[in-house]
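# Fold and contact review
Each chain, written out:
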Protein chains: 2
Amino acid sequence: MDRKIKIAICGYGNLGKGVEKAIAKNPDMELRVIFTRRDPEEVAKQTDTPVVSIDEREEWIDEVDVVIMCGGSATDLPVQVPMFAGVFNTVDSFDTHADIPNYFANVDEKARTGETISIISVGWDPGMFSTNRLYADSILPGGKTYTFWGEGVSQGHSDAIRRIEGVKNAVQYTLPVSEAVERVRNGETPEFTTREKHRRECFVVAEENADQSKIAAEIKNMPKYFADYDTEVYFISEEELKSEHSGMPHGGSVIHIAETGEGNKQVVEYSLKLDSNPEFTGSILVAYARAAYRMWKDRQCGAKTVFDVAPAMLSSKTHEELLKMV
Amino acid sequence: MDRKIKIAICGYGNLGKGVEKAIAKNPDMELRVIFTRRDPEEVAKQTDTPVVSIDEREEWIDEVDVVIMCGGSATDLPVQVPMFAGVFNTVDSFDTHADIPNYFANVDEKARTGETISIISVGWDPGMFSTNRLYADSILPGGKTYTFWGEGVSQGHSDAIRRIEGVKNAVQYTLPVSEAVERVRNGETPEFTTREKHRRECFVVAEENADQSKIAAEIKNMPKYFADYDTEVYFISEEELKSEHSGMPHGGSVIHIAETGEGNKQVVEYSLKLDSNPEFTGSILVAYARAAYRMWKDRQCGAKTVFDVAPAMLSSKTHEELLKMV
């Protein structure tokens, strides 16, 4: 075997920890260093890997093949990835769909200048779901693609509930409407409203003297987040929230329906059922870090998306082993 | 738009006709010629495209970018693809899994010598199912992958029944055992026997004075084809066979189960439900013909599999359109 691929993690939250666990399952890779914006001493208590300040990153250039960027899409990645790109190869999970074209252009310029590779927007959506939407649309053009999310925890929606006065803690689940999924699976191609595709369940811990009916109404009427959905609100204790709702499950389906020939329906579906969203996303990032390293060794450079990565690039298997898997 | 990609079809059976219909759905491609081993006059009656003998293929070199090889895997493709490779770019659906490494080596040598591209074993299994097995195994190494086929018509098994004395006609369906699929979908990782994964249903038209119980016994005890499965045999009339069983539906699922972190189950599933197997396979071949042409224009050559083809290569969309789909 060639020498191991040397990985750095930037950002040691849920996703960074998921990446760390995934690297341990890939014998051709090793985790060399964790970059953090926090006090490195504090982070170091949680892991055996060296932890250093993000400001010292350039001292690690020769020690690292690919940096897996594990910050958030809202404020971390748009700042951090252009800082690393061009100096390091990077992989990230930037997931603000509407901003991807601009983000790509920014990162591409840095990476081309520095002759490095940056694979952006890797994960399951964007990521594996995008890839499956593209495969299905390329094979069966003119069809219709539906994406359903859940059952799973949405951090953004949980946070929005926590900001309401009188709320101590909250977890929000996004759920696909099962009748809608079944209709599409059976080859129908309806136009759905937002409400017809997904519903929301909120588990809320209220402050002792809070007005629960006022909180419930405030949640259900919140524009963008809840008003367009059928939303159920359940008030529970902090203990129940911790014991029953502290996991990070998620999942969903991409379903493509098309007709070929004289009215022959063809239904293609890709589905995920995940006990741990950050561990699954971390596992995807690690496979694409392998691809980033290989594409860089092949003298490619610039920003890339999952669409630019051939499946063989993701695998640790040899060419001979792959031929037996075809 | 650039000029259209010029396609030839070699072999005008069910698959060739499926390819012809798929090309009509892709405005960036045009069908220029059909090569046949049969009498071209006879084939020409079925289509508006020029039909010529396979022996005249070299006269069409300048008229064709990619030949989609639509013969059978048993005897046609192993002879025909090495004949075309190195002279034309080709795409084929060679599906004898065990022979793929040898077949790849044969075709690779021809294509490298002639500086052309040949993408082999394109379809849904091998093909899209292989790709999904590889993605899942690369992202979640150490997991377990299950493939279920059906409900669908197996030509090989139908043919085997038709060879039995006293049988006029027959259609065989392969069906996944639904309890097995459900167990895997729920994250279990059992070891199945052949019988536990799939079952078989046979619709048979018997000769007038044939011994039906003898035919049924002969089917159920046929080694390899039926003996290892729970097989049901139904005798029906030729009319019923024609009206109820003349379609070519198929489908199936690839399900990958793995654990990440401390016992978190992750379930990835890719499923197909197809009204027409040859039209779906034909649609896949057409998308990979687009990729073959582009990879050849990028000065790549040799044999390739679906694992070597980046998803973006399959799409007629521009780079800007693709960035919006990520």
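The structure under discussion appears in the preceding block.
Below or above, wherever it landed, is the structure these notes cover. (Residues numbered from 1 in each chain as written. Chains lettered and ligands numbered in written order. Predicted model: local features only at pLDDT ≥ 70, side-chain atom pairs only at ≥ 80, totals over all residues. Heavy atoms only, no water.)

With that settled, consider the relation of the copies chain A and chain B. Mapping chain A onto chain B calls for a rotation angle of 180° and an axial translation of 0.0 Å; the resulting RMSD is 0.0 Å. Interpreted geometrically, this transformation is the action of a two-fold axis. Proximity to the rotation axis, assessed at the C-alpha, singles out Ala310 of chain A in chain A; its C-alpha lies 1.9 Å from the axis. (Least-squares fit on C-alpha atoms with pLDDT ≥ 70 in both.)

Further remarks concern unusual backbone geometry. That bond from Asp125 of chain B to Pro126 of chain B is cis: its omega, 0°, falls within 30 degrees of zero. Tracing the chain through its elements places Pro126 of chain B in the loop between strand E6 (117-119) and helix H5 (128-139). Omega for the peptide link from Gly150 of chain B to Glu151 of chain B comes to 5°, which places this bond in the cis form. Relative to the elements of secondary structure, Glu151 of chain B occurs in the loop between strand E7 (144-149) and strand E8 (152-153). The backbone of Glu115 of chain A shows a phi angle near 55°, a positive value even though the residue is not glycine. The class for Glu115 of chain A is exposed, based on a relative accessible area of 56%. Not every positive phi belongs to a glycine, and Lys224 of chain B is a case in point at roughly 65°. You can see Lys224 of chain B is positioned in the loop between helix H9 (212-220) and strand E11 (230-235). Under the relative-accessibility criterion, Lys224 of chain B is labelled exposed at 74%. (Helix = DSSP H or I, 4+ residues; strand = E, 2+ residues; numbered from the N terminus. Buried < 20%, exposed > 50% of the residue type's maximum accessible area, 1.4 Å probe, protein only.)

This part takes up the interface of chain A and chain B. In this assembly, 65 residues from chain A lie in contact with 65 residues from chain B. For the pairing of chain A and chain B, the buried interface totals around 5500 Å² over both sides, and the portion due to carbon and sulfur atoms is 61%. In this structure, the connection of chain A to chain B is made through two salt bridges. Two residues, Asp137 of chain B and Lys317 of chain A, come together in a salt bridge whose shortest N-O distance is 2.7 Å. Joining chain A to chain B, the criterion identifies 27 residue pairs in polar contact (both at pLDDT 80 or more). With eleven residues, the top contributor of residues to the side of chain A that touches chain B is strand E13 (residues 264-274) of chain A. Within the side of chain A that touches chain B, the residues separate by chemical class into 30 nonpolar, 19 polar and 16 charged. By the bridge criterion, nine bridges tie E13 of chain A to strand E13 (residues 264-274) of chain B in an arrangement that is antiparallel. Across the sheet, residue Val268 of chain A finds its bridge partner in E13 of chain B, namely Leu272 of chain B. (Contact = heavy atoms within 4.5 Å. Buried area = accessible area lost by both parts, 1.4 Å probe. Salt bridge = Lys/Arg side-chain N within 4 Å of Asp/Glu carboxyl O. Polar contact = N/O pair within 3.5 Å; in protein donor to acceptor, adjacent residues only side chain to side chain. Nonpolar A, V, L, I, M, F, W, Y, C, P; charged D, E, K, R; others polar. Pairing = 2+ DSSP bridges.)

Residues and elements named next belong to chain B. Between its first and last C-alpha, helix H11 (residues 277-297) extends 31 Å over 21 residues, near the 30 Å set by a 1.5 Å rise per residue. Burial of H11 is extensive: 17 of the 21 residues sit out of reach of the surface. Where H11 starts, the residue carrying a side-chain oxygen 3.1 Å from the main-chain nitrogen of Glu279 turns out to be Ser276. Remark: Arg299 follows H11 within two positions and exhibits a positive phi of approximately 70°. (Expected span 1.5 Å × (residues − 1).)

By the secondary structure assignment, Thr260 of chain B is in strand E12 (residues 250-260). Judged by its relative accessible area of 6%, Thr260 of chain B falls in the buried class. Those residues in contact with Thr260 of chain B that lie beyond four places of it in its chain are Lys25, Glu279 and Ser283 of chain A together with Leu140 and Gln266 of chain B.

Let's shift gears to the sheet that holds strand E3 (residues 51-53) of chain A. All names here are of chain A. Read from one edge of the open sheet, seven strands run E3-E2-E1-E4-E5-E6-E14, paired in parallel fashion. A single partner strand is all that each edge strand has here, and the edge strands are E3 and strand E14 (302-304). Strand-to-strand twist in this sheet, taken as the mean axis angle between neighbours without regard to direction, amounts to 25°. Here three bridges tie strand E2 (residues 29-36) to E3, and the two strands are oriented parallel to one another. Following the sheet pairing, Ile34 is matched in E3 by Val51. The strands that helix H4 (residues 100-114) touches are strand E5 (89-92), strand E6 (117-119) and E14; relative to E14, the one it contacts most, it runs at about 140°. (Axes fitted to C-alpha atoms, helices over the stretch in contact; angles between N-to-C directions.)

Here the focus is the sheet that holds E8 of chain B. Residue and element names in this part refer to chain B. A sheet is described by the order of its strands in space; here four strands give the open sequence E8-E9-E10-E11, paired in mixed fashion. Each edge of the open sheet is held by one strand with a lone partner, namely E8 and E11. Two strands pair when backbone bridges link them, and E8 and strand E9 (residues 167-176) are joined in this way by two bridges, in the antiparallel orientation. Opposite Val153, over in E9, you have Tyr173 as the bridge partner. The sheet contacts of H9 involve E9, strand E10 (198-206) and E11, and relative to E11 the element is tilted by about 150°.

Moving on: the pattern of salt bridges. Residue and element names in this part refer to chain B. Scanning all chains against the criterion turns up 38 salt bridges over all chains. Note that Lys45 and Glu42 form a salt bridge whose closest N and O atoms lie 2.9 Å from each other. Judged by relative accessible area, which is 65%, Lys45 ranks as exposed. For Glu42, a relative accessible area of 44% translates into the label partly exposed. Note that Glu269 and Arg185 form a salt bridge whose closest N and O atoms lie 2.8 Å from each other. Here Glu269, found in strand E13, pairs with Arg185, found in helix H7 (residues 178-185); they are 84 residues apart in sequence, far enough to count as distant.

For helix H3 (residues 77-84) of chain A, every residue scored as buried is listed here: Leu77, Gln80, Val81, Pro82 and Phe84 of chain A. Contacts from the buried residues of H3 of chain A go to strand E1 (5-10), E2, strand E4 (66-69), E5 and H4 of chain A.

Another aspect to go through is the packing of aromatic side chains. Per the stated rule, a full pass over the model turns up 23 aromatic pairs over all chains. Where Phe129 of chain B meets Tyr270 of chain B, the ring centres are 6.0 Å apart and the plane angle is 80°; that geometry is what we call edge-to-face. Note that Phe129 of chain B is positioned in helix H5 and Tyr270 of chain B in strand E13, a separation of 141 residues in sequence. Note on accessibility: Phe129 of chain B and Tyr270 of chain B belong to one class, buried. Every member of this aromatic cluster is reached through a ring pair, and the members are Phe35, Phe84 and Phe88 of chain A. Across the ring face of Phe148 of chain A, the terminal group of Lys197 of chain A is positioned such that the distance to the ring centre comes to 5.3 Å. In this arrangement the basic side chain of Arg57 of chain B is found over the ring face of Phe84 of chain B, its NZ or CZ atom lying 5.3 Å from the centre. (Phe/Tyr/Trp six-rings, centres within 6.5 Å; stacked < 30°, edge-to-face > 60°. Lys NZ or Arg CZ within 6 Å of the ring centre and 35° of its normal.)

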